[in-house]
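Structural features, examined
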Amino acid sequence: IILARRFFPSELAGQYAFVSLIAKAIIFVSSAIGKTMFPLSIGEFQSGNRNNDLLKKSVLIVGLMAIVSLVLYLTMPQFIIKVISLGSTEYLSASHLLFNLGLAYSFISLSYVILLYKLSQNRLDTYLCWGLIGILGLQMVFLSIFNESLVEYTYAMLSSSLLMFLYSLFLIRK
């Protein structure tokens, strides 16, 4: 959102920020799953239980919540924006961004759960953390390059979030 303010006029940046905040509901809800999973996973790890059942359940719950949200974002974006903006039509012109931003934040939410699990299992080392920092840097580059329109900017966000998710899937194997 900070970069959007730099690249776009105030009105467009405001629309992006508002729609992005709605899409982030996926992150807010899924963070509760991660925060619940984390101490349980630490307990399992300390007791010697090394299976991934807790991770699978957590990813499934977050994935299902994301799917429900995405279906709503896809089928009724204008309604959602209008309700959350208390009837204002100021942000409706950015409603076409809601699904793609929701998808981006879904990838981030799933990555969050996977990374928390890896952290709880004491399986994140410095080398792997540098990969995460590299992906975040790549996200900044994408957003700095692809900013001709809000749609392009949203695709840059989606692409970098997908890379983060794919990297977190790679981490499961390590």
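Since this is a predicted model, take the numbers as computed values, not measurements. (Residues numbered from 1 in each chain as written. Predicted model: local features only at pLDDT ≥ 70, side-chain atom pairs only at ≥ 80, totals over all residues. Heavy atoms only, no water.)

1. A closer look at the overall build of the protein
- Counting its secondary structure elements, the protein contains 8 helices and 0 strands.
- Reading the secondary structure of the protein in the N-to-C direction produces α-α-α-α-α-α-α-α.
- Here the C-alpha atoms of the protein give a radius of gyration of 17 Å, agreeing with the 16 Å that 2.2 N^0.38 yields for 174 residues.
- Going through the 174 residues of the protein one by one, you find that 43% of them count as buried.
- Sequence-distant contacts in the protein: of pairs separated by 6 or more residues, those separated by 24 or more amount to 77%.
- Between the centroid of the 12 positive side chains of the protein and the centroid of its 7 negative side chains there is a distance of 10 Å. (Helix = DSSP H or I, 4+ residues; strand = E, 2+ residues; numbered from the N terminus. Rg over C-alpha atoms; globule rule 2.2 N^0.38 Å. Buried < 20%, exposed > 50% of the residue type's maximum accessible area, 1.4 Å probe, protein only. Contact = heavy atoms within 4.5 Å. Lys, Arg positive; Asp, Glu negative; His and termini not counted. Charge placed at Lys NZ, Arg CZ, Asp CG, Glu CD.)

2. A look at the nonpolar core
- If you look at the biggest cluster of nonpolar residues, it comprises 39 residues, and the most contacted ones within it are Tyr-73 and Leu-101.
- Elements with a minimum of two residues in this core: α2 (10-23), α3 (25-46), α4 (53-75), α5 (77-84), α6 (98-120), α7 (126-145) and α8 (150-173).
- Excluding its chain neighbours within four sequence positions, the residues that come into contact with Leu-101 are Tyr-16, Val-19, Ser-20, Ala-23, Thr-154 and Met-157.
- Core analysis: the second largest hydrophobic core is formed by 7 residues, Leu-132, Ile-135, Tyr-167 and Leu-171 among them. (Core = buried A, V, L, I, M, F, W, Y, C linked by side-chain atoms within 4.5 Å.)

3. Observations concerning unusual backbone geometry
- With phi around 60°, Leu-86 is a residue other than glycine that occupies positive phi space.
- Along the chain, Leu-86 falls in the loop between α5 and α6.
- Under the relative-accessibility criterion, Leu-86 is labelled exposed at 79%.

None of this, on its own, says anything about what the molecule does.
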